[in-house]
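A closer look at the structure
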Amino acid sequence: MRRIILLFLCFISLTNAYSQSGLYINDVFEGKDINKKEMVETLIKGEQLAQYHLTVFHSVKFTATEQQRDVVEKKFQLDMENNTKNFSNKQNCEMEMRNGHLFYAIAEVDSHSYAERKHISYQCSATTVPNKYNITLVYIEGYCDLKQLKKIFKN
């Protein structure tokens, strides 16, 4: 029984890593830049998302130092630059900067699939503690474009 549980946990961790594979922000989701114990992680797959035409919703929330924020922000920006350049128009991404730093962004990344799409999202806000920031990273797979996805989250 213990072997089955261990095998199942290994399979889950492999599928989680694969979802964001090829993205710089995968390091954040895996706990390489921010300690996993300091994150609140949400992973939803399957039928719970079907009504939204989504297949994967994976988010991490954490409080970061200024240095950690800079690392995460840079990785997110690299993913936006490297994975959205194949699209002819930039209607598949939205970004807002404040004080020279990324405040909010959402982008459809190149999924090499015409049906299922992948999106990444970033939000950062200052805390009441100086030089500390609340950051939320989200990775989404599904059958929605950016416009549809924004409608889903407004409701």
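Bear in mind that the values here come from a model prediction, so they are computed numbers and not experimental data.

Model confidence for the protein chain is summarised by a mean pLDDT of 83, while 79% of its residues fall at 70 or above. Contacts of residues 1-18 to residues separated by more than four positions or lying in other chains number 5 contacts, the stretch itself having pLDDT below 50.

Following the criterion strictly, the structure yields 10 salt bridges and no others. Taking the shortest distance from any N to any O, the salt bridge between arginine 69 and glutamate 66 comes out at 3.8 Å. On the criterion of helical spacing, the pair formed by arginine 69 and glutamate 66 is a turn pair, its members being 3 residues apart in helix α4 (residues 66-84). For arginine 69, a relative accessible area of 4% translates into the label buried. With a relative accessible area of 35%, glutamate 66 lands in the partly exposed category. With a shortest N-O distance of 3.9 Å, glutamate 108 and arginine 117 are connected by a salt bridge. On the basis of relative accessible area, glutamate 108 is assigned to the buried category, the value being 9%. Linked through salt bridges whose partners overlap, the residues forming this network are Asp27, Glu30, Lys32, Asp33 and Lys75.

The next thing to look at is the sheet that holds strand β2 (residues 54-65). Spatial ordering of the open sheet is given by β1-β2-β6-β5-β4-β3, a layout of 6 strands whose pairing is antiparallel. Two strands in the sheet have a free side with no partner beyond their single neighbour: β1 (40-45) and β3 (93-98). Adjacent strand axes in the sheet meet at a mean angle of 10° when their direction is disregarded. Pairing of β2 with strand β6 (residues 132-142), which is carried by 11 bridges, proceeds in the antiparallel orientation. For threonine 65, the partnering residue across the bridge sits in β6 and is lysine 132.

Bringing the packing of aromatic side chains into the picture now. Tallied over the entire structure, the rule returns 1 aromatic pair. Seen from the ring of tyrosine 133, arginine 69 lies directly overhead, with NZ or CZ sitting 4.3 Å from the centre.

Positionally, threonine 65 belongs in strand β2. Look at threonine 65 and you get partly exposed, because its relative accessible area is 27%. Each C-alpha atom of the pair threonine 65 and asparagine 134 lies 9.2 Å from the other, and the pair is 69 residues apart in sequence. Residues in contact with threonine 65, not counting those within four places in the same chain, are Asn131, Lys132 and Tyr133.

Conventions used here
Residues numbered from 1 in each chain as written. Predicted model: local features only at pLDDT ≥ 70, side-chain atom pairs only at ≥ 80, totals over all residues. Heavy atoms only, no water. pLDDT = per-residue confidence, 0-100. Contact = heavy atoms within 4.5 Å. Salt bridge = Lys/Arg side-chain N within 4 Å of Asp/Glu carboxyl O. Helix = DSSP H or I, 4+ residues; strand = E, 2+ residues; numbered from the N terminus. Buried < 20%, exposed > 50% of the residue type's maximum accessible area, 1.4 Å probe, protein only. Pairing = 2+ DSSP bridges. Axes fitted to C-alpha atoms, helices over the stretch in contact; angles between N-to-C directions. Phe/Tyr/Trp six-rings, centres within 6.5 Å; stacked < 30°, edge-to-face > 60°. Lys NZ or Arg CZ within 6 Å of the ring centre and 35° of its normal.

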